[in-house]
Amino acid sequence: MALNRRNFLILLGATTGATALGTLPSACAAQPVLGDKQNQSEETFKLPPLPYAYNALEPYIDTETMQFHHDKHHAAYVKNLNDAVNKYPELKRLSAEELLRNINNVPEDIRNTVRNNGGGHVNHSMFWEIMTPDGGGEPTGAIATAINQAFGSVDAFKQQFNDAGSKRFGSGWAWLVRNNEGKLQVISTANQDSPLMEGMYPIMGNDVWEHAYYLKYRNNRGEYLNQWWNLVNWEEINRRFEQAIAR
Ligand code: MN
């Protein structure tokens, strides 16, 4: 749920609605470093383990790409997000998803960091789960029906999704979202921007940053986009579709 600033402050337990998050009293922003060291093992946001082995997605995604993608790239987003919220301990009460839905209420000095690294954390946490070595094939369940209704056919949907990924200049993501009108829609975002920031729910997304495919596919993003469908975990995507409707 997106919150207005007043409700955002209430959620954070601020005592007065007049306290702008961007101008928190310095006493609040500069909490004593007490406990900082021992808290390092208890960071707010944690790197989720991969739900399968590094080599499980071969031959479509190679082992080395998975190692770097998860252990270096995703880990860095988590670290940077933790470093940012450590400046504003009140923000630790919010999930990464809530921070993104309310990105415009996040203190300005860490807003871009939360946008990029909170987005990176949430996007990748989804990404690992919507892939599986037993994936691919035709979609099943409610999402299959909904995709056919929205796009005419599964092939037409895949085409739109791959187009969104190919045409994203530079780095970003291709998405299937449930938009504000409750309709399925294919979009793409730049960098690590999350559809959550626009009030849309990300049902599935493919990472088209070069770090996701370059070791194996080099500059051939189109081939990566085609092969990626062999890994898609329709069961998890059906679960996310249910979540999108329920919220
Ligand atoms: Mn990535």
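Notes on the structure in this doc start here. (Residues numbered from 1 in each chain as written. Predicted model: local features only at pLDDT ≥ 70, side-chain atom pairs only at ≥ 80, totals over all residues. Heavy atoms only, no water.)

Details of unusual backbone geometry
Most peptide bonds adopt trans geometry, and most residues besides glycine take a negative phi value. Threshold: Going along the chain from the N terminus, every DSSP run of H or I of four or more residues is numbered as a helix, and every run of E of two or more is numbered as a strand. Relative accessibility decides the category of a residue: with a 1.4 Å probe and only protein chains considered, values under 20% of the type maximum give buried, values over 50% give exposed, and everything between is partly exposed.
Cis geometry is found at the peptide bond from glutamate 58 to proline 59, where omega equals 5 degrees. As for its position among the elements, proline 59 is in the loop between helix H3 (36-39) and helix H4 (63-85). The phi dihedral of asparagine 191 is positive, around 55 degrees, even though this residue is not glycine. Since its relative accessible area comes to 41%, asparagine 191 is described here as partly exposed. Although it is not a glycine, arginine 218 adopts a positive phi angle of roughly 50 degrees.

Some details on the pattern of salt bridges
A pair can form between side chains of opposite charge whenever their charged atoms are brought close. Using the following cut-off: Here a salt bridge means any side-chain nitrogen of Lys or Arg lying within 4 Å of a carboxyl oxygen belonging to Asp or Glu.
Following the criterion strictly, the structure yields four salt bridges and no others. Its salt-bridge partner being aspartate 83, residue lysine 79 comes within 2.7 Å of it at the nearest N-O pair. Taken together, the positions of lysine 79 and aspartate 83, both in helix H4 and four residues apart, correspond to about one turn of that helix. Looking at aspartate 83, the relative accessible area reads 36%, which means it is partly exposed.

Re the environment of aspartate 109
The following threshold applies: Between two residues, a contact is recorded if the distance between any of their heavy atoms is within 4.5 Å. What qualifies as a polar contact is a pair of N or O atoms within 3.5 Å, subject to a donor-acceptor requirement within protein and to the restriction that residues adjacent in sequence count only when both atoms come from side chains.
Assignment of secondary structure puts aspartate 109 in helix H6 (residues 108-129). Judged by its relative accessible area of 46%, aspartate 109 falls in the partly exposed class. Separated by 25 residues in sequence, aspartate 109 and alanine 84 have C-alpha atoms that sit 9.1 Å apart. Excluding anything up to four places from it in sequence, aspartate 109 contacts Lys87 and Tyr88. Within polar-contact distance, the side chain of aspartate 109 engages the side chain of tyrosine 88 at 2.7 Å.

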